[in-house]
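Remarks on the overall topology
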Amino acid sequence: MTLGLDGKVALVTGGGRNIGRQICLTLADHGCDVVVNVRSNVAEAKAVADEIASRGRRALAIAADVGDAAAVDDMVARAKAELGRVDVLVNCAARLHHVPFAELTPAQWQDLVGVVLNGPINTCRAVLPLMVEQGSGSIVNVSGTVVFYGTWPHLAAVKAGIHGLTRGLAREYGPRGVRVNVIVPSTVDTVRPVPRDPERVAQEIARTPLRRFAKTREIADVVAFLAGDLSSFVTGQAIHVNGGQYMP
C-alpha cells in the first residue's frame with residue numbers, strides 16, 4: 001500500500017539540511033515534487049533539489065525568509081506557477097537560541113518568533129487558499145518536546161504556539177478538506193556547527209527507553225505518513241516521535 005503521494009507537490013521550509021533535507025528526499029521517494037525552501041543558503045537548497053531531480057521528481061530551490069509574509073507569498077505563487085499546485089506544506093524551519101532565559105536578548109526573541117511562529121502562520125495563510133480551492137491538503141508542523149518539558153522557556157513558548165495554530169487550523173479547515181497536524185520529535189542525530197555536550201547527551205539517552213537519538217529518516221517517515229492518504233482521518237493531532245522519552 002502506498003502513501004498516496006505520487007504526483008503531489010510539497011513545500012518544505014527549512015529544507016536545506018538535517019531534518020528538513022531528509023523530509024524533502026523522503027517525500028520525493030514517495031512520489032512528490034518538492035519546493036525546497038531555505039532562508040538564504042541557495043547552494044544548500046539547490047543541492048537538495050538536485051538530489052530530488054535524480055529521483056525523477058521535479059524540484060524548486062527557493063530562498064525566502066518565512067518570517068517575511070511578502071516573500072512567502074511570492075514563493076507560494078512561484079510554486080503554483082511552476083508546479084501547478086501545493087498539496088503538502090511542512091513547516092520545518094527553526095531557530096534554537098539555547099541560552100538561559102535571563103540572557104535572551106530582544107533580538108533573539110524576535111528572531112525566534114519570526115521564524116518559529118510567524119513562519120508557519122505566513123506559510124499557512126499563503127497555501128490554504130490553494131488547498132481550499134483544490135478541496136484537499138495536508139499541513140505538517142514540526143515542534144519539539146521542549147513544549148512539554150519547558151527546558152528553554154522562550155523555545156517552549158513559541159513552539160507551544162505551533163500546537164495552538166495546529167489545532168485551530170484543523171478545526172477551521174477540516175470541513176474544507178485540509179488536515180493539519182504537528183509532530184513532536186525529541187533530540188535528532190543531526191550535523192551541528194557546535195558539538196553537543198557529552199554529559200547532556202548521555203543524560204538524554206539514558207532517559208530515552210530506546211536508548212538513542214532519532215534518525216532524520218525516522219522523523220521524515222512520520223511526516224510522509226501524515227502528508228499522505230494513509231492518515232486521511234488524522235487531523236488536529238500532536239504525534240510524538242521520541243523513542244518513549246515523553247509519554248503523554
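Residues numbered from 1 in each chain as written. Predicted model: local features only at pLDDT ≥ 70, side-chain atom pairs only at ≥ 80, totals over all residues. Heavy atoms only, no water.

**Details of the overall build of the chain**
Formally: Strands here mean DSSP runs of E at least two residues long; helices mean DSSP runs of H or I at least four residues long; both are numbered from the N terminus. Values of the radius of gyration come from C-alpha atoms, whereas the globule rule sets the reference at 2.2 Å times the count of residues to the power 0.38. Note on contacts: a residue pair is in contact if any heavy atoms of the two residues lie within 4.5 Å. Surface exposure here means Shrake-Rupley accessible area, sampled with a 1.4 Å probe, where a residue is shielded only by the protein chains that are shown. Asp and Glu count as negative and Lys and Arg as positive, but His and the ends of the chain are not part of the count. Where a charge lies is defined by one atom per residue type: Lys uses NZ, Arg uses CZ, Asp uses CG and Glu uses CD.
Across its full length, the chain carries eight helices and seven strands. At 17 Å, the chain has a C-alpha radius of gyration in line with the 18 Å of a compact globule built from 248 residues. For the chain, the spread of C-alpha atoms along the principal axes amounts to about 50 × 40 × 35 Å. Within the chain, residue pairs in contact and separated by at least 24 positions form 73% of the contacts whose partners lie at least 6 positions apart. When the accessible surface of the chain is summed, it comes to about 11400 Å², and 54% of that surface belongs to carbon and sulfur atoms. Here the chain carries 26 positive and 23 negative side-chain charges, and the mean point of each set is 3 Å from the other.

**Observations regarding the pattern of salt bridges**
Here is the rule: Take a side-chain nitrogen of Lys or Arg and a carboxyl oxygen of Asp or Glu: if they are within 4 Å of each other, that pair is a salt bridge. For the exposure calls, accessible area comes from a 1.4 Å probe over protein chains only, and a residue counts as buried if that area is under 20% of its type's maximum, exposed if over 50%, partly exposed in between.
Evaluation of the coordinates by the stated rule reveals 16 salt bridges. For Asp33, the salt bridge goes to Arg58, with nearest N and O atoms at 2.9 Å. Of the two residues, Asp33 sits in strand β2 (residues 33-38) while Arg58 sits in the loop between α2 (42-54) and β3 (59-63), which places them 25 residues apart along the sequence. On the accessibility criterion, Asp33 (3% relative accessible area) is buried.

**Some words on the layout of surface pockets**
Unfilled space is identified by rolling a water-sized probe across the atoms. Here is the rule: Grid points spaced at 1 Å and placed over the protein atoms alone form the basis of the search, with a cavity being a set where a 1.4 Å probe fits but cannot get out and a pocket an open set showing protein on both sides within 12 Å along at least five of seven lines. Lining residues have an atom within 4 Å of a point. Grid points are joined across faces, edges and corners, and a volume is the space filled by probe spheres set on the points. Ten residues, namely Ala, Val, Leu, Ile, Met, Phe, Trp, Tyr, Cys and Pro, are considered nonpolar, four, namely Asp, Glu, Lys and Arg, are considered charged, and the remaining ones, Gly among them, are considered polar.
One number sums up the size of the second largest pocket: a volume of about 220 Å³. Lining the second largest pocket are 17 residues, with Gly137, Gly177, Val178, Arg179 and Ser232 sitting closest to its centre. Here the residues of the lining of the second largest pocket sort into five nonpolar, eight polar and four charged.

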